[in-house]
Each structure stands twice: as structure tokens, then as C-alpha cells.
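# Observations on the model geometry
Residue-level listing of the chains:
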Amino acid sequence: MSNQRLLALANLSMVVFLVLFCGSLGIAWLGERSLPVGATVFMHITLVLTAALFKIAYVVRLIAQDRMGQPLV
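Residues numbered from 1 in each chain as written. Predicted model: local features only at pLDDT ≥ 70, side-chain atom pairs only at ≥ 80, totals over all residues. Heavy atoms only, no water.

## Comments concerning a nonpolar patch on the surface
Spelled out, the test is: Only residues whose relative accessible area exceeds 30% and that take part in no salt bridge are eligible for patches, with like-charged residues grouped when within 9 Å of each other and nonpolar side chains (Val, Leu, Ile, Met, Phe, Trp, Tyr) grouped when within 5 Å. Per-residue and other accessible areas were derived by the Shrake-Rupley procedure at a 1.4 Å probe size, with only the shown protein chains allowed to occlude residues. Whenever a carboxyl oxygen of Asp or Glu lies within 4 Å of a side-chain nitrogen of Lys or Arg, that contact is scored as a salt bridge. Helix and strand assignments follow DSSP, with helices taken as H or I runs no shorter than four residues and strands as E runs no shorter than two, numbered in order from the N terminus. The classification of residues rests on relative accessible area computed with a 1.4 Å probe and restricted to protein chains. Under 20% of the type maximum is buried, over 50% is exposed, and intermediate values are partly exposed.
Where nonpolar side chains cluster on the molecular surface, the patch consists of Val37, Val41, Ile45 and Leu49 and spans about 380 Å² of accessible area. By the secondary structure assignment, valine 41 is in helix H2 (residues 37-68). You can call valine 41 partly exposed: its relative accessible area is 43%.

## Considering H2
Defined as follows: Expected span, for any helix, means 1.5 Å times one less than how many residues it has. Only heavy atoms enter the contact rule, under which two residues are in contact if any of them lie within 4.5 Å.
The first and last C-alpha atoms of H2 sit 47 Å apart over 32 residues, in line with the 46 Å expected at 1.5 Å per residue. Where H2 is buried, its residues contact helix H1 (3-30). Of the residues flanking the end of H2, it is glycine 69, one or two places downstream, whose phi is positive at about 80 degrees.

## Quick notes on the environment of leucine 18
Here leucine 18 is to be found in helix H1. Along the chain, leucine 18 and leucine 7 lie eleven residues apart, while their C-alpha atoms are 17 Å from each other.

Right under this line is the structure:
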């Protein structure tokens, strides 16, 4: 996979995981009274997973930028 494509994929992944995180945050904290306990627990687990996947995507982005000689931001 080319470095340019890896960077684009990492950026897209970061956006997707951020949107999923925000959605599960809203459901877990704002909608917890209207959901069963199992669904609330699942949303809290989803928060942890999406945050971890966002961080992994960011590391992949840094790797792609490093390979391309771009400054790491």
C-alpha cells in the first residue's frame, strides 16, 4: 500500500471512529434512562473500543507521514 493511500485511509478512519465515539457517547450518557442496562453497558464498551481504534488510526497516520517525510503533527 502506498504511503499516500495509507495516510488517506488513516484520516478517514479517524473521522469514522470520532463520529462513532460521539454517537455512542450520546447514547450512553444522554439516552441511558430510556435504554435497557445491557444496551447501556454495550455503549460504554463501544466508547472504549472506538477511542482505542481512533488512537491506532492516529499512530498509522503518523507512520504514513513519517514515511513521506512530512512533519509529524
